[in-house]
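Residues per chain are reported as follows:
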Amino acid sequence: VQLQAFGGGLVQAGGSLSLSCAASGGTFSRYAMGWFRQAPGKEREFVAAISWGGGSTNYADSVKGRFTISRDNAKNTVYLQMNSLKPEDAAVYYCAAARATAQAIIIAGRLYDYWGQGTLVTVSS
């Protein structure tokens, strides 16, 4: 599976940004998907995850209520809508895919099988 993330950019604090991650080369609808981020000098951290059919989601506490993960299996794409952005949200955002059972939500990065190249989000204060 190849993953390519889009949508990063520069946004003012309080603004919104929508990330997309397009998958190819596999059966997208059978993969749990996740978004992670890594800021300079920091470790990669979990942001959000979604199950196969989109019925189950999970978020890091730091983004809960502000970010929304969704997927469109017909378009082989997973999305991350980011609202009320804060300077501390600035990072390179990565999407990832994991072979999983139908309702599984994968939080641990080490359990993901495929990773996208990342897209940079910059938040100005």
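Structure shown above.
Residues numbered from 1 in each chain as written. Predicted model: local features only at pLDDT ≥ 70, side-chain atom pairs only at ≥ 80, totals over all residues. Heavy atoms only, no water.

**Q** I would appreciate a short explanation of the packing of aromatic side chains in the present structure.
**A** Working definition: an aromatic ring pair is given by the centre-to-centre distance plus the angle between the planes. This model, assessed by the stated rule, comprises five aromatic pairs. Their ring planes at 70 degrees and their centres at 5.7 Å tell us that F36 and F46 sit as a pair that is edge-to-face. Within this pair, whereas F36 is found in strand 4 (residues 31–38), its partner F46 is found in strand 5 (residues 45–50), the two being separated by 10 residues in sequence. F46 matches F36 in its accessibility class, with the two residues each being buried. Ring centres 5.3 Å apart and planes at 80 degrees place the aromatic pair F36 and Y112 in the edge-to-face group. Placement of F36 in strand 4 and of Y112 in the loop between strand 9 (91–99) and strand 10 (114–115) is noted, with a sequence separation of 76 residues between them. Taken together through their ring pairs, the aromatic side chains of F36, F46, Y112 and W115 make up a single cluster. Directly above the aromatic system of W52 lies the positively charged group of R30, at a separation of 4.5 Å from the ring centroid. Sitting over the face of the ring of F28, R71 holds its NZ or CZ atom 4.4 Å from the ring centroid. (Phe/Tyr/Trp six-rings, centres within 6.5 Å; stacked < 30°, edge-to-face > 60°. Helix = DSSP H or I, 4+ residues; strand = E, 2+ residues; numbered from the N terminus. Buried < 20%, exposed > 50% of the residue type's maximum accessible area, 1.4 Å probe, protein only. Lys NZ or Arg CZ within 6 Å of the ring centre and 35° of its normal.)

**Q** Please clarify how the pattern of salt bridges should be interpreted in this entry.
**A** Opposite charge on two side chains allows them to pair when their charged atoms are near. Counting across every chain of the model gives five salt bridges. Between R99 and D113 there is a salt bridge, with the nearest N and O atoms lying 3.2 Å from each other. Of this pair, R99 sits in strand 9 while D113 is found in the loop between strand 9 and strand 10, placing the two residues 14 residues apart along the sequence. Ionic contacts of the salt-bridge type, sharing partners, join the residues R37, E45, R66 and D89 into one network. (Salt bridge = Lys/Arg side-chain N within 4 Å of Asp/Glu carboxyl O.)

By themselves these figures say nothing about function.
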